[in-house]
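Coordinate inspection notes
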Amino acid sequence: MSRQEKIIITGAEDTVRIESRVLEERIQEAVEQGYRKIGVQSFGQHGIGGRLWNSDSETVEIDIYGYSGQRIGSMGSPTTYIEVHGPASDDVGWLNAGATIVVHGDATNGVGNAMAQGKIYIEGDIGARGMTMTKSNPHYTPPELWVLGGVGDSFAEFMAGGVAVICGFDSHYRDNILGHRPCVGMVGGRIFFRGEHHGYSEGDAKLVGISDADWGWLTENMQEFLKAIRCKDLYEELTRERSQWRLLVARQPHEKARKKRMAMSEFHSRVWDRELGKGGLIGDLSDMDRSPVPLITTGVMRRFVPSWENHKYLPPCQTGCPTGIPVQKRWELIRKGKVDEALDLALMYTPFPATVCGYLCPNLCMDGCTRAKHFLPAIDVTVLGKAGSDAHEPKPARPTGKKIAVIGGGPAGISVAWQLWMNGHEPVVFDRADALGGKITSAIPHSRFAKELYEQELKRVADKISYRKLESGLDSGTFLEIRDSHDYTVIATGAQIPRTLNIKGYKRALTALEFLQRSKEDRIKPGKNVVIIGAGNVGCDAATEAHRLGARDITLLDIQEPASFGHERKQAEMAGAKFLWPVFTRAITAKGVELADGRFLKADTIVFALGDLPDVSFLPEGIDLLKGYISVDEAFQTTDAKVFAIGDTVRPGLLTDAIGAGRKAAQAIHARLSGTDDTFDRLPPIDTRRVKMEYYDPRIKTGADLGQCASQCASCGGCRDCGVCEVVCPQQAISRRDLQQGDYEYVVDENLCIGCGFCAGACPCGVWELVENTPLG
Amino acid sequence: MEPVGTLHPSLLSQKDLLWHISWDKQKCALCGHCTAVCPVRAIELGVHRKREIPITLGLSEKPKNVYGVYHGIRQITDPAHACIGCGMCSLVCPNSAIYPVRNEETDKLKFHINAGGEPRRRGGRRNDSASVLDRIKFVRISMLTDPALDAGRHEFELRTLLGRILPPEEAVKPSSQTGWIPPVREIYPLIIGGMSFGALSPNMWEGLQMGVAYLNEELGMPVRMCTGEGGCPPRLLRSRFIKFVILQIASGYFGWDEIIHALPEMKEDPCAIEIKYGQGAKPGDGGLLMWHKVNKLIAAIRGVPPRVSLPSPPTHQTKYSIEESVAKMIQSMYMAWGFRVPVYPKISATTTSLAVLNNLARNPYAAALAIDGEDGGTGAAYNVSMNHMGHPIASNIRDAYLNLVKIGKQNEIPIFAGGGIGKNGNLAANAAALIMLGASGIQVGKYMMQAAAGCVGSEGDRCNICNIGLCPKGITSQDPRIYRRLDPEHVAQRVVDVYSSFDSELKKILAPLGRSTSLPIGMSDAIGIDDYHTAERLKIKHVV
């Protein structure tokens, strides 16, 4: 029931402005009544022309005269057509859902804010924040805003849809028809514009070319716009040049991520290095390459490098052996099946590999054995020692013609003579005894070693070394004669003067040396009760011998905890010997020994076993003494450069100490005679923490046979050629390389190695070590 | 494991260490990456013997031992190789089979890290994550009462002034009457604080400087960076980039001859001169560059022999009173650049800060005061200094600002705050809090290392080996094998990212206050804290 006539509704009654609510009610009522053409005389009322959806789908035309008020056509309906006959206030078409709104003049801020459908035609400029928050709903035609002039600041903020056309005709804005910072937050829609501008939010929008379809749309719809604002005559001017028009569209999300900036690499080369020069900040101070490297590096950029330190350190067994026998090397030879070589090797170090290593030595090599630190039994070297008698005789070096006198035919003298003989020199041993041998022959009980083996070993030496008996003993005249007729002289006379105690009745006691010498030849009957003063190893030997000869109550006395150990101690204990300490003796009587605390020990035989001092009465001036012993340097040279002194003349010690001293002295003499350095045994000991005992089965007890002993030796510091490193290297950088004469080495390809140290971590023998690479820069 | 089990007091087990290595035999590929990368050799390949006793069900067969050997990663417990928790092993592990785990109880290592009577020295931070700044809230949100701004949409000009600002009555006088107008720089309020060339690796230093140059020249952000005490590479001195640099002079005077030689050839003036009297991380102690890091290059720039430790004295020599030290140094440094470059002192936060500030207030040449709080970082210091000495920054800055208000000079001498800003990652919030407490700008160091270069240091005593040249990220190392891990371009890019995001966050805090063109310096009505006594002390709102 529409009515064709136009109704005029005025916003004032009796010159008084009516409330927006009342005007709104009257307009809605007119539409309800069927009016489709409504003129509104406005006095600035709010929201005129909006929400007119009760027109039965018929178009309602609203003409607004006067002061148009804010939010013209807000929430407008598609069937509403509004014409504002003059300028418009803020928010024209706010939340427009379809109305067409024509403004014959300028519009202020907020035109088309949040509109989703409909059209707004402006015959002039608009203020700030036009076309902001506009929407694009796929179910409806998108909104349009046409502006004949230009737009104010912050245009199209958060625009999400629709089309804006800014014609730039006769605008107040002149040189910037898009206003300050348009398109911030724009995510959709298109903006056609014509005329100068001062940029837009480049992070959000971009200029694109105008396609034929775009141009077709623009020129076609331009006619409708110009018709609506009654400016058809401008059509020619506005559509003459496609090139006058530009098109802004929103960036796609993937384009939007960041405003295009200069890449840092470009800045580096084009700005930074250009200003500073090649190499940047410190290019003038250093030509060091500073380009990036990865975390895992090879070659020169490795922080650590592996080092195959084969036999660069001494194993603890060799370090511990005073003679310096390469025990580990012998086991290695046995592992390789070279049993003979292993036995022969010992002869290069000692003339008594069987007697001493196998029987008489406390085997200091075993004390330091790495296995012991891991609660595993040390490798039993006596097994190897006892097998030593089968050794081949070494061949001496070419004769040098140099003569060396060795005074004393005991273990020390024999050792030095043996070493000198092997080096091609001519040693001569002088002694008061009938033959070579010294204390092993004369004083050490037979129970302690295998007599036949010893004799075999002694013969091996005696066959090669000249021996001269000193019929009239040794005095300084004889000594000087010997010294002056030889290239070098070695004093190895041992300690022959037993210590005794200056107590009452001391003459009733025997010295250990006397007792042992006589007992060895069964020339003494010690009786049932024996007291030995001094509970060291010699005292223990005396106790064992006394027991063998029938004694049953044997007591060893000491002023402190007895220093005896090893076989000697064990055998004495087995003989039932009692150890008393700390005790002090007051006197010796015919019946026995009186102690300071008043006790009395019955004794048939009393023995002093308090150690022996060397006889130095024959020494000429110029050879210095130190506390009763001959003073020597590291190489056993005395203060007379032509004279060396070894064994018990220098300090009391074990057989192995005497033999080692002989070897070292011989080495020093040989070095002096041949003009070389005596560099033997100078390698540092290995840090046994490098050796991995976890590879060994803790259930295996060594000592069964040579083969088993050899297999369980950890070979500290010496490569076992097991190949664990080759396998464990994650880079396959390690390989084994054959050298001449069956020798080999393991090498690292530095272009593969990353310096992880796995080789060092896994090496059973502690041969590999990870060391810091040479510093750079 | 100690094979012999011989005990000595400093023998530690894995349980006694701060960091435990967790290693998963199942996942491990035995690739060697972790042991190759570990900076302190805390891990090695270990050989392990394993015994199994397989028993047949029903005991039908006689049981037996089965011994075997396997290889795996083992942690070394020697204090010299104690794990530092840097996590590089985890970073390079292809199978995530290894990572450090922090010991929950007090580690025993702490009691033994003084072998030979030498107390622990380290780099890094205070190892205390507590932060008053983190607890400060911005409680004035002006939706309708002030013209609230949109941080994302509105334009902001976040700038601060470095230099002595004349009071209005002086400023309006013509220069013929005033004689000299103090130089003032308009700079970005977040400054990269003094970290020396030497403390930092060349790649790190160059990356930071490059990033700063980019921010200035490409993004128009007037960001400034202080050199720290260690001189400045001659090329930088002679480049236009020097205007982005604050040159530091400290008690060691390292590298200053190079600067003097460059003076006649400089294209631009530096931004400012900072005179370092103290450092928040180790108040009362001087600088220290340990010998590990003094290679030929560093030695050349500093003018010292290579491979020597370089301590700076705790105080400047030849200065015997506060009046003298400050006045003499400020005069000399102004003169060097013809009174065109602002000169200001930097001190450690202390209960005596106000005495210094009042002195500066009377000296018309003093351009600013920088105060470094206890949470500042360092490349090397005694642990005891780092952990137990120094003054928190918040109350010190507040006292200083309120003191200026009292004497009416709060707009004349800017105060810059440093030390612990962003220590828990809250850079913009901490910076804004300090600005509202009265700071004109903020200096940060550690934050830059973490954000721009991936420093793994934390307040939980992680890594902290900046002093010995083994920084696993190449930030504080002078060893090319390590510092070449760090690409200066990547650092520069991260500096740009950090500043861009800081800028956005700072805007988010300032926009609701309606501030877009001037910093809310001292605007303490906008902040509050939930602790009554702290609120009282700082004279801010108590909010619960």
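Just so it is clear, the structure is predicted and the values come from calculations on it, not from any experiment.

**A word on the overall build of chain B**
The secondary structure content of chain B amounts to 18 helices and 21 strands. For chain B, the spread of C-alpha atoms along the principal axes amounts to about 110 × 60 × 45 Å. Residue burial in chain B is summarised as follows: out of 544 residues, 51% are buried. Contacts spanning at least 24 positions in sequence make up 76% of the contacts within chain B whose residues lie at least 6 apart.

**Comments concerning the overall build of chain A**
Of regular secondary structure, chain A possesses 23 helices and 34 strands. A compact globule built from 777 residues should have a C-alpha radius of gyration of about 28 Å, whereas chain A, at 58 Å, is more than 25% larger. Overall, the C-alpha framework of chain A stretches about 165 × 65 × 50 Å when taken along its three principal axes. Within the span of chain A, comprising 777 residues, buried residues form 47% of the whole.

**Section: the sheet that holds strand S6 (residues 137–138) of chain B**
Residues and elements named next belong to chain B. Overall, mixed pairing links the 3 strands, which are arranged S6-S20-S21 in an open sheet. Looking at strand neighbours, the two that pair on one side only are S6 and strand S21 (541–542), the edges of this open sheet. Bridge count between S6 and strand S20 (residues 527–529): 2 bridges; the pairing is antiparallel. Considered in S20, the bridge of Lys 137 is made with Gly 528.

**Thoughts on the domain arrangement of chain B**
For chain B, the assigned domains read domain 1 (14–118) and domain 2 (132–455 + 492–542). Here the C-alpha centre of domain 2 of chain B lies 44 Å away from the C-alpha centre of domain 1 of chain B.

**Overview of the nonpolar core**
Membership of the largest hydrophobic core comes to 296 residues, with the highest contact counts inside it found for Val490(A), Val607(A), Ile646(A), Ile397(B), Ile415(B) and Leu434(B). Every residue in contact with Leu434(B), bar those within four places of it in the chain, is listed here: Leu133(B), Ile397(B), Ala417(B), Ile421(B), Ala439(B) and Ile442(B). Ala160(A), Ile177(A), Phe192(A) and Ala228(A) belong to the second-largest nonpolar core, a separate cluster that totals 71 residues.

**Some words on the pairing of strand S8 (residues 117–122) of chain A**
All names here are of chain A. With 6 of 6 residues buried, S8 lies mostly within the body of the structure. Burial along S8 is two-sided: Gln 117, Lys 119 and Tyr 121 and Gly 118, Ile 120 and Ile 122, pointing in opposite directions, are all buried. One ladder, built from 5 bridges, connects strand S7 (residues 97–103) with S8; its direction is parallel. Bridge pairing links Ala 97 to Gln 117 in S8.

**Focus: the sheet that holds strand S22 (residues 553–557) of chain A**
All names here are of chain A. Judged by pairing direction, the sheet is parallel, and its 5 strands sit side by side in the order S20-S27-S21-S22-S23 without closing on themselves. The open sheet is flanked by strand S20 (510–511) and strand S23 (578–580), the only strands paired with a single partner. For S20 and strand S27 (residues 605–608), the ladder comprises 2 bridges, and the chain directions are parallel. Bridging from a neighbouring strand, Thr 511 pairs with Phe 608 of S27. Here helix H18 (residues 537–548) sits on the sheet in contact with strand S21 (529–533), S22 and S27, set at roughly 170° to S22.

**Overview of the packing of helix H5 (residues 264–276) of chain A against helix H17 (residues 488–510) of chain B**
The geometry of H5(A) relative to H17(B) is characterised by a closest axis approach of 9 Å and an angle of 115° between their N-to-C directions. Here H5(A) is positioned roughly perpendicular relative to H17(B), judged by the angle of their axes. Between H5(A) and H17(B) lies a crossing of right-handed hand. Contacts from Met264(A), Ser265(A) and His268(A) of H5(A) reach H17(B) at Glu489(B), Ala492(B) and Gln493(B).

**Things to note about the environment of Lys664(A)**
Residues and elements named next belong to chain A. Take Lys 664: it is sitting in helix H20 (residues 655–674). Considered as a pair, Lys 664 and Gln 328 are 336 residues apart in the sequence and their alpha carbons are 20 Å apart. If we skip the residues at most four places from it in the chain, Lys 664 touches Ala 635 and Phe 636.

**Some words on the pairing of S21(A)**
Residue and element names in this part refer to chain A. Most of S21 is tucked away, with 5 of its 5 residues classed as buried. Side chains Asn 529, Val 531 and Ile 533 of S21 all project onto a buried face; the interleaved residues Val 530 and Ile 532 project onto the opposite face, where all are buried too. Alignment of S21 against S22, held across 5 bridges, turns out to be parallel. From the neighbouring strand, Ile 533 faces S22, where its bridge partner is Leu 557.

**Focus: the interface of chain B and chain A**
Taken together, the contact between chain B and chain A spans 52 residues of the former and 49 residues of the latter. If you tally residues by element for the side of chain B that touches chain A, the top one is helix H6 (residues 202–217) of chain B, at 9 residues. Residue composition of the side of chain B that touches chain A, by class: 24 nonpolar, 13 polar and 15 charged.

**Description of the confidence of the model for chain A**
Model confidence for chain A is summarised by a mean pLDDT of 92, while 98% of its residues fall at 70 or above. Between the elements of chain A, mean pLDDT differs from a low of 76, seen in helix H4 (residues 253–256) of chain A, to a high of 98, seen in strand S9 (residues 144–147) of chain A.

**Concerning helix H11 (residues 353–362) of chain B**
Residue and element names in this part refer to chain B. Within H11, burial applies to Ser 353, Val 356, Leu 357 and Leu 360. One side of H11 carries all its buried residues, which in axial view fall inside an arc of 100°. Relative to its buried face, H11 has exposed residues pointing more than 90 degrees away, namely Ala 355 and Arg 362. In this fold, the buried residues of H11 make contact with helix H10 (322–336), strand S15 (343–348), strand S16 (369–372) and helix H13 (393–406).

**Some words on unusual backbone geometry**
Residue and element names in this part refer to chain A. Each neighbour pair has its own omega, and for Trp 581 with Pro 582 the value is -5°, a cis peptide bond. Inspection of the secondary structure puts Pro 582 in the loop between S23 and strand S24 (585–588). Backbone geometry places Thr 15, a non-glycine residue, at a positive phi of 60°. Here Thr 15 is to be found in the loop between strand S2 (12–13) and strand S3 (16–17).

**With respect to the packing of helix H13 (residues 411–422) of chain A against H20(A)**
Residues and elements named next belong to chain A. Contact pair H13 / H20: the axes reach a minimum separation of 7 Å and the direction vectors enclose 35°. Considering only the axes of H13 and H20, their crossing is right-handed. Across from Pro 411, Ala 412, Ser 415, Val 416, Gln 419 and Leu 420 in H13, the residues of H20 making contact are Leu 655, Ala 658, Ile 659, Ala 661, Gly 662, Arg 663, Ala 665, Ala 666, Gln 667, Ile 669 and His 670. Here the residues of the contact of H13 with H20 are counted per class, giving 11 nonpolar, 5 polar and 1 charged.

**Here we look at the confidence of the model for chain B**
Per-residue pLDDT for chain B averages 92, and the proportion of residues at 70 or more is 98%. Predicted complex metrics record ipTM = 0.94 and pTM = 0.82.

Calculation rules
Residues numbered from 1 in each chain as written. Chains lettered and ligands numbered in written order. Predicted model: local features only at pLDDT ≥ 70, side-chain atom pairs only at ≥ 80, totals over all residues. Helix = DSSP H or I, 4+ residues; strand = E, 2+ residues; numbered from the N terminus. Buried ≥ 20, exposed ≤ 12 C-beta atoms within 10 Å, placed from the backbone. Contact = placed C-beta atoms within 7 Å. Rg over C-alpha atoms; globule rule 2.2 N^0.38 Å. Pairing = 2+ DSSP bridges. Domains from an automatic or database assignment. Core = buried A, V, L, I, M, F, W, Y, C linked by C-beta atoms within 7 Å. Axes fitted to C-alpha atoms, helices over the stretch in contact; angles between N-to-C directions. Parallel < 35°, antiparallel > 145°, perpendicular 65-115°, else oblique. Left-handed = near helix turned anticlockwise from the far one by under 90°. Nonpolar A, V, L, I, M, F, W, Y, C, P; charged D, E, K, R; others polar. pLDDT = per-residue confidence, 0-100. Arc of directions from axis to C-beta.

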